[in-house]
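What the coordinates show
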Amino acid sequence: MRRYQVLDTPPDHVFDDLAALAARSLQAPMAVVSIVDRDRIWFKARHGVEVAEITRDPGLCSSAILAEGTWVVTDAASDPRTLANPLVVGDPGLRFYAGHPLTTHDGFNLGTICVLDRQPRDLTPHQTNVLRDLAALVVHQLELRLRTHQLVTAYETRLQEVQHLADALQRSLLPPSMPLVRYLNIAASYNPASKYEVGGDFYDVFPVDPRSWGLVIGDVCGKGATAASQTSGARYSLRAAAIQQPAPAAALEVVNQTLLRDTGSAHEVPFVTALFARITARPDGAEVVLATAGHPGPLILRASGEVESVGVPGTLLGVFDDIEVTETSVELAADDLVVFFTDGLTDSGSKRLEQEGLVAILRGCTGLSPQAVVDRLLTAVESAQRDDIAIVAIRCDAVA
């Protein structure tokens, strides 16, 4: 009975209809679908009956579940099996009872479907067969609901496993935390569009020489294992290239060749957009040299509240043998903040945020910390996010 999880569940029109059908078919004023608990009999459905449950006294349902076939009491007032039953000696003064056990596929009786009357009577063979068939329909519904519950539980368990695996794989594609960089305050966030699928967005911040730090942010087209593999390859290829090539444009060209070589054919893999920036921080600000390969350029929020868009669009990676990428150099003063992001940010929101909407939000972020800026941007699109979003915000902290 516990396995079927039916006790104390809300009313169900299917069982109510079966109880009403039993009453009409057997020409009885009352009918119930009962579940027999340890010390009570609970009515899953009732027709012409006011009470929702009764005590487990012998003679009626509690005795019917012990029978192999239909349990019939033609005159309860004179039948020694039911003389003391409260429903017979008290309200509603039952005289007739006929119940068929609800027998599961593995042989357990959960309760009964029964008809009741205040007048003595008997069942015809045809009525007995009808009651038996209705009992089978009730059990079929119980089995169907049990199977549905088991499938839903298994599906939810599988979703949890998929989410756990996706989370673990996604974490492996991102740095565990932002490094502590002198003169810089850094905040980052990655928000997947689906918690059950590995996305292709990535970012990384790492040292490239004693004075400079590299920042990488990118997006691999596609989802799942293929995109994850490409994401990992792009991220670590950029790390390696940044150390070998001091110029961001040259580093992106190295990564492009690596992606083409590792996959063998440009038509077999998703493309990659990426931005690589080399940041040299000073007590009074920072120099940022960056190049973009099919990726959105960053936005700079000056301490004055002005917002600037920087970077020249370039060719995406992993598709063409020869790419065109252009370097851009920009100076950040104390308290200036630069925001790097993937296109999931501008392609989300109840209306697409796009570049103009992003600029408007940033103008209202003057004086906020990098983490507060990241949080405000994500809040602006959280109700209608369409794609994965990665954001890195960096502010130059002045040193007196």
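Residues numbered from 1 in each chain as written. Predicted model: local features only at pLDDT ≥ 70, side-chain atom pairs only at ≥ 80, totals over all residues. Heavy atoms only, no water.

Our next topic: the pattern of salt bridges. Scanning the entire structure with this criterion turns up 15 salt bridges. Its salt-bridge partner being Arg 40, residue Asp 37 comes within 3.0 Å of it at the nearest N-O pair. Arg 40 carries the same exposure label as Asp 37, and that label is buried. With a closest N to O distance of 3.6 Å, Arg 132 and Asp 133 form a salt bridge. Three or more residues are tied together by salt bridges with common partners; here these are Arg 2, Asp 8, Asp 37, Arg 40 and Glu 53. (Salt bridge = Lys/Arg side-chain N within 4 Å of Asp/Glu carboxyl O. Buried < 20%, exposed > 50% of the residue type's maximum accessible area, 1.4 Å probe, protein only.)

Judged by side-chain charge, Glu 253, Asp 321, Asp 322 and Glu 324 come together as a negatively charged surface patch. If you trace the backbone, Glu 324 turns up in the loop between strand 13 (307-309) and strand 14 (327-333). Look at Glu 324 and you get exposed, because its relative accessible area is 66%. (Patch = residues over 30% accessible without salt bridge, like charges linked within 9 Å, V, L, I, M, F, W, Y side chains within 5 Å. Areas by Shrake-Rupley, 256 points an atom, 1.4 Å probe, with all protein chains shown as cover. Lys, Arg positive; Asp, Glu negative; His and termini not counted. Charge placed at Lys NZ, Arg CZ, Asp CG, Glu CD. Helix = DSSP H or I, 4+ residues; strand = E, 2+ residues; numbered from the N terminus.)

Okay, the sheet that holds strand 13 next. With respect to topology, five strands assemble into an open sheet ordered 7-16-15-12-13, the strand pairing being antiparallel. One side of each edge strand has no neighbouring strand; the edge strands of this open sheet are strand 7 (184-191) and strand 13. Sheet twist, expressed as the mean angle between neighbouring strand axes with direction ignored, is 15°. Looking at chain direction, strand 12 (residues 299-301) and strand 13 are connected through three bridges and run antiparallel. Bridge pairing links Leu 299 to Ser 309 in strand 13. Here helix 7 (residues 354-363) sits on the sheet in contact with strand 12, strand 13 and strand 15 (337-341), set at roughly 20° to strand 12. Where helix 8 (residues 370-381) meets the sheet, it contacts strand 7, strand 15 and strand 16 (389-396), and its direction lies at approximately 150° from that of strand 16. (Pairing = 2+ DSSP bridges. Axes fitted to C-alpha atoms, helices over the stretch in contact; angles between N-to-C directions. Contact = heavy atoms within 4.5 Å.)

If you look at the biggest cluster of nonpolar residues, it comprises 30 residues, and the most contacted ones within it are Val 33, Leu 102, Ile 113, Val 115, Val 138 and Leu 142. The element contributing the most residues to this core is helix 4 (residues 125-172), with eight residues. When residues no more than four places from it in sequence are discounted, the contact partners of Ile 113 are Leu 18, Ala 22, Val 32, Val 33, Ala 98, Gly 99, His 100, Leu 102, Leu 131, Leu 134, Ala 135 and Val 138. Formed by 27 residues, the second largest nonpolar core is a distinct cluster that contains Ile 186, Val 310, Leu 332 and Cys 396. (Core = buried A, V, L, I, M, F, W, Y, C linked by side-chain atoms within 4.5 Å.)

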